[in-house]
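One letter stands for each residue in the lines below.
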Amino acid sequence: MCVFNSYILCGFKIPCIDNNFCLNFYGLGRGGKPESADEDESWHPEPKVAKRLSVKSTEKNTASKGPSKEPKPKKEPKPKADRKPRVTKTAKAFKAKETEPSCLKTATGPSDVQNESEESQTSVIVKQEVCQKLESVNERLSFALPSVTFNDAGSGSSEAPTSSQVLLKVKKEEPEDDFTFDEPVHKKQKTSSAPQGRRVKLPKSASVFGEDLHMNWDPIQMLAEKTGVDPWVCANIANLFREENTIPFMVRYRKDLVNHMDADGLREVQQALQELCSLAKKCQSTMLTLKKEGVLTTELEELFKNCKTMDELDHVVSHTPYKKSSKLSKARRAKELGLEPPALALLQRPQTLNLQPLVQPDIEGLATLDDVTTGIVHILADMIAKDKETLTYVLTLCDNSVVKLQSSVSKTAQKEKPGPQQGRPNDINNFKLYFDFTCNIQRIQHHQILAINRGENLKILTVKVIIPDCVGTDFCRWCINVRWRPRGFAQPEMMNILGNAVKDSYKRLILPLLCRRFRSQLTSNAEKESVAIFVQNLRQRLLTCPVRGRTILAVDPGFRHGCKLAVLSPTGKILHTDVVYLHGTGQNREADKLRHLLMLHGCETVVIGNGTACRQTEAYFDNLIKRRFFQPLDVSYCITDEAGASIYSVSPEAVKEMPDLDPNLRSAVSIGRRVQDPLAELVKIDPKHIGIGTYQHDVSQTLLRAALDGVVQECVSFVGVDVNVCSETLMRHVAGLNAGRAHNIIEWREKNGPFLNREQLKQVKGLGPKSFQQCAGFIRINTETVQSATSEAKAHNKPVTNKGKGKIIGTELNPLDQTCIHPESYSTAMRFLSLFGGHVDQLGQCQLKDRVEAHVKSHGLEALAQTLDATCETLQLIIDGLTQPPGFDIRQDFNQADFKRQIISMSDLHVGLVLTGRVSNMALFGAFVDIGMERSGLIPKRFITPDKLPSDQRNHSLALGPGERVEVRVVDLDLQRKRITLDLVRVIR
């Protein structure tokens, strides 16, 4: 056995994995005499091994899963169970074992031979374990870096690889399905049940990126790996986005190309594609900058083109010696003193290195031998910290260890005295849960991350990432024995320098880098989940079923300034506005005024905002209803969210729409219209002010804005707009339109009268063929609104001439213009009707619906699609458009506001009571449910289990959304803090 089987280095106990290395380390080769430089050269791998490790060959060998191409004698295949781990190329790294000088073979007796055999077996086992670890490391590598080149003073360059570089050439194994810290890939789209659609030829990177940007990887394959979507679907989506198609258009009219993906899935692919484009552009700009400076080499250009993530690009930039910085690092100062050649010599030819001649007493940094040693340590530490293989290995160690996030109260918060100073004590109390908080980063919840980040920004919390000490121990052992092992004999003092460099690199450079990386990844994942919550909540809020055909009394409650009233007609027209004081003296007089207004306008529906004095106003109306004060009217009321109403009341849109009203009365009008048509009213307000989600100010505002704007466009487009009555604000959110085009459409309508068909949209200024294609299917032309508007404007009976295109667009009404059928499919729809003698005038009638269903049942959808030369998806959309009743609204399947006639109080509740409520908001930690009280109850996330959800919601990460009716059970009451904990019983459909 090796008597030097372990030694203490830099505070870590480093076990030796190679007996010969120990003999060289302590100079005991050949009877304890140090070996000469010439004899040591025989230990190095042959130069041809280094030649094979160029960039291109490394990529090729890494991608290949076959054995080495070197000729070997054929052997009989062994059973799979008897095979040993493949170390073919690893053995090459240790080829010196075959050509070792005889001076290292010191075994002379049987006991020595036995000990040497035991040592070699132990060494092989340890090396195989290292190989297996490095195989997992190799799986994490996105691209291969060339071997590190060390330049010795006056001796040119050497590209011979270290042992660890050769170890990385071991055959890859498929990674097991295990938890990874990075965000998991989205579930792959199923293609077995859905039609495969039309495939396209995979485009080149330049065509996908839309510019002359060339990378060494296939963008379509990269997109498929990042999103989990089939490559052919990714190719179709990339082409559709390159042709400026919108997501709503793709979801509805290009289902065959996107394989029936929904809007959220397409948005994820779009985001991933944008990230790849940004990466390619940044690589290109960086290479151009380096090329102008004349420092761009072929090897460096290949490194840039191999980058697949921003982290890899940042690593390549930091790895280059051309990165500019205002403040010199310790390593750069040492390099300017000329200490880089001896630092590289310590790794390449340590037996020839002598540091004493480098001492120059007159120069700062070289005055003593300790100064020279410190400079070399800084250079080596910088090299270790910037080495991609080293960083990958330490990340693997962290993934296999328990890394924790720890938060505690900051010293600044502890020094603050209790008192009502700027609301600070209240903020401190909000973070009591995190004053002594520790959690594994793999198990910490997203809302906890955002809460901790907020507390840290407020200087209330101090946050640390705790990486176990075993990571540093294993890392130091691996660096000394594998990756940064000197290539020749090294004196103990040289090994001490290397050990100090490893320790300094880990503690000063790598450890902070790991902490920043973990915090960044945790925050990024939490932000994405929070944005997903926002998206779901906003979609549910916008698609709330409108309350049509009712005259509404809207109430914006208040104490001092009174309750603002607005009576709205069924179409949203303002009939009356007033202010009443319901919570002071003269309540009877105000009650008579309310009864007069309701009787005058025949109003039986009251809508109360959920702001200040909401519950007191609710109790006031509840008392009047119980006394049958409004008879013979059957009055009911509902509570609606008024978030953003006050902001909208002073906006330019509100001033333009209601110039003569006081801003407080505009708020009441907005509250009432939110019930009559939630979509049309809520699009006027910034989505961030609608009161959905949590931590909206703690996430990336760019990401949040893009996601919310996309959801608004999706909802408006899928619901559809009547071009002759909708507002300009609503029009600008239709797919394919923007503020300018929407303004031009409204201007054309005011100048020329109502649109009679979709073809007239082509006459609008700025609405080209592409914009028309994207928006036409989502714009409706209702026959009733056209007739009512035409009776007032008779000046447009003649056809309008499209002067620019030489075409005459008629003024005939087309019944298909009020359906979801796209104009590009009108001819197919007419041919389909002719198959069974149908007519477009029968749209939505039961007679036509029965004939369509019978014809499809007898002939089959696929056969009919082939006959009409159309896809099954297009034909199904035509069938839906022909059979849906006029004025069909997809929101009719969603829940609308709950109207009630009584309230409950906290005293009415008890543990075990089952109630019915409606989800008011969804957060990362649970769902808030309105059960008719002042405070909403909370269903913690642990109670929202798949078995309590409908079958179509069990696979969704966000199971509940605002507006859903639920049956809940009271499990806990906190009367002091007025908190109600609920358990989900079921979702009411």
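Because the structure is predicted, anything quoted here is derived from the model rather than measured.

## Digging into the overall build of the protein chain
Of the regular secondary structure elements, the protein chain holds 40 helices and 21 strands. For the protein chain, buried positions account for 49% of its 989 residues. Within the protein chain, contacts between residues at least 6 apart in sequence are counted, and of these 71% link residues at least 24 apart. Put simply, the protein chain shows about 49500 Å² of open surface, and 50% of that area lies on carbon and sulfur atoms.

## Points about the pattern of salt bridges
Opposite charge on two side chains permits them to pair, given that their charged atoms come into close proximity. All chains considered together, the criterion is met by 37 salt bridges. Notably, a salt bridge pairs E759 with K762, separated by 3.0 Å at the nearest N-O pair. When the shortest N-O distance is used, the salt bridge between D889 and R891 registers 2.8 Å. The pair formed by D889 and R891 is uniform in burial state, with each residue classed as buried. If you follow the salt bridges from partner to partner, you end up with D264, R267, R539 and E714 in one network.

## Description of the pairing of strand β10 (residues 574-580)
Two strands pair when backbone bridges link them, and strand β9 (residues 563-568) and β10 are joined in this way by six bridges, in the antiparallel orientation. By the bridge assignment for β10, L565 is matched with D578. The turn linking β9 back onto β10 is made up of five residues, and G572 within it adopts a positive phi angle of 90°.

## As for the packing of aromatic side chains
Taken as a whole and assessed by the stated rule, the structure comprises 11 aromatic pairs. When the ring of Y620 is compared with that of F621, the centres are 6.2 Å apart and the planes differ by 85°; the resulting orientation is edge-to-face. Ring plane angle 20° and centroid distance 4.4 Å describe the contact between W748 and F755, whose orientation is recorded as stacked. Members of the aromatic cluster, each reached through a chain of ring pairs, are F249, Y253, F718 and F778.

## Points about the packing of helix α37 (residues 826-835) against helix α38 (residues 846-859)
Running from N to C, α37 and α38 cross one another at 85°; their axes reach a closest spacing of 10 Å. Taken together, the axes of α37 and α38 are roughly perpendicular relative to one another. For the pair α37 and α38, the contacting residues are F832, L833 and L835 in the first and L848, V852, H855 and V856 in the second. Tallied by class, residues from the contact of α37 with α38 come to six nonpolar, one polar and no charged.

## A short note on the sheet that holds strand β11 (residues 605-609)
The strand order across the open sheet formed by five strands is β10-β9-β8-β11-β12, and the pairing between neighbours is mixed. The outermost strands of the open sheet, each flanked by one partner alone, are β10 and β12 (636-640). Each adjacent strand pair in this sheet contributes to an overall mean axis angle of 20°, direction not counted. Of the pairings in the sheet, the one linking strand β8 (residues 552-556) to β11 comprises four bridges and is parallel in character. What sits directly across from V555, in β11, is I608. Along the sheet face, helix α26 (residues 587-601) touches β8, β9 and β10 and points at about 175° away from the line of β10. Across the sheet, helix α30 (residues 663-676) is in contact with β8, β9, β10, β11 and β12; its angle to β9 comes to roughly 50°.

## Some thoughts on the packing of helix α23 (residues 446-457) against helix α25 (residues 492-542)
Think of two packed helices as two axes; the pair is described by the angle between the axes and how far apart they sit. Between α23 and α25, whose axes approach to 9 Å, the crossing angle comes to 115°. In this structure, α23 meets α25 at a crossing whose hand is left-handed. Contact residues: α23 offers H446, I449, L450, N453 and E456, while α25 offers R519, L522, T523, N525, A526, E527, E529 and S530. For the contact of α23 with α25, the residue count by class is four nonpolar, five polar and four charged.

## So, the pairing of β9
Taken across its six residues, β9 has six buried, putting it largely inside the fold. Side chains of β9 alternate between two faces, with C563, L565 and V567 and K564, A566 and L568 buried alike. For β8 and β9, the ladder comprises five bridges, and the chain directions are antiparallel. Paired with I552 across the bridge in β9 is L568. In this structure, the hairpin formed by β8 and β9 is closed by a connection of six residues, where G562 is found at a positive phi of approximately 80°.

## Regarding the confidence of the model for the protein chain
Averaged over all residues, the pLDDT of the protein chain equals 77, while 72% of them reach at least 70. Within the model, the stretch residues 201-206 combines pLDDT values under 50 with 15 contacts to residues more than four positions away or in other chains. Contacts from residues 798-807, a stretch scored under 50 in pLDDT, to residues over four places away or in other chains number 17 contacts.

## Quick notes on the sheet that holds strand β7 (residues 461-466)
With antiparallel pairing, three strands are arranged side by side in an open sheet as β6-β5-β7. Taken across any chain shown, the strands that pair with only one partner, and hence form the sheet edges, are β6 (436-440) and β7. In this sheet, neighbouring strand axes are inclined to one another by 15° on average, regardless of whether the strands run parallel or antiparallel. Relative to β6, strand β5 (residues 404-409) runs antiparallel, the two sharing five bridges. Paired with S407 across the two strands is F437, which belongs to β6. In the packing of α23 onto the sheet, the strands contacted are β5, β6 and β7, and the crossing angle to β7 comes to about 125°.

Rules and cut-offs
Residues numbered from 1 in each chain as written. Predicted model: local features only at pLDDT ≥ 70, side-chain atom pairs only at ≥ 80, totals over all residues. Heavy atoms only, no water. Helix = DSSP H or I, 4+ residues; strand = E, 2+ residues; numbered from the N terminus. Buried < 20%, exposed > 50% of the residue type's maximum accessible area, 1.4 Å probe, protein only. Contact = heavy atoms within 4.5 Å. Areas by Shrake-Rupley, 256 points an atom, 1.4 Å probe, with all protein chains shown as cover. Salt bridge = Lys/Arg side-chain N within 4 Å of Asp/Glu carboxyl O. Pairing = 2+ DSSP bridges. Phe/Tyr/Trp six-rings, centres within 6.5 Å; stacked < 30°, edge-to-face > 60°. Axes fitted to C-alpha atoms, helices over the stretch in contact; angles between N-to-C directions. Parallel < 35°, antiparallel > 145°, perpendicular 65-115°, else oblique. Nonpolar A, V, L, I, M, F, W, Y, C, P; charged D, E, K, R; others polar. Left-handed = near helix turned anticlockwise from the far one by under 90°. pLDDT = per-residue confidence, 0-100.

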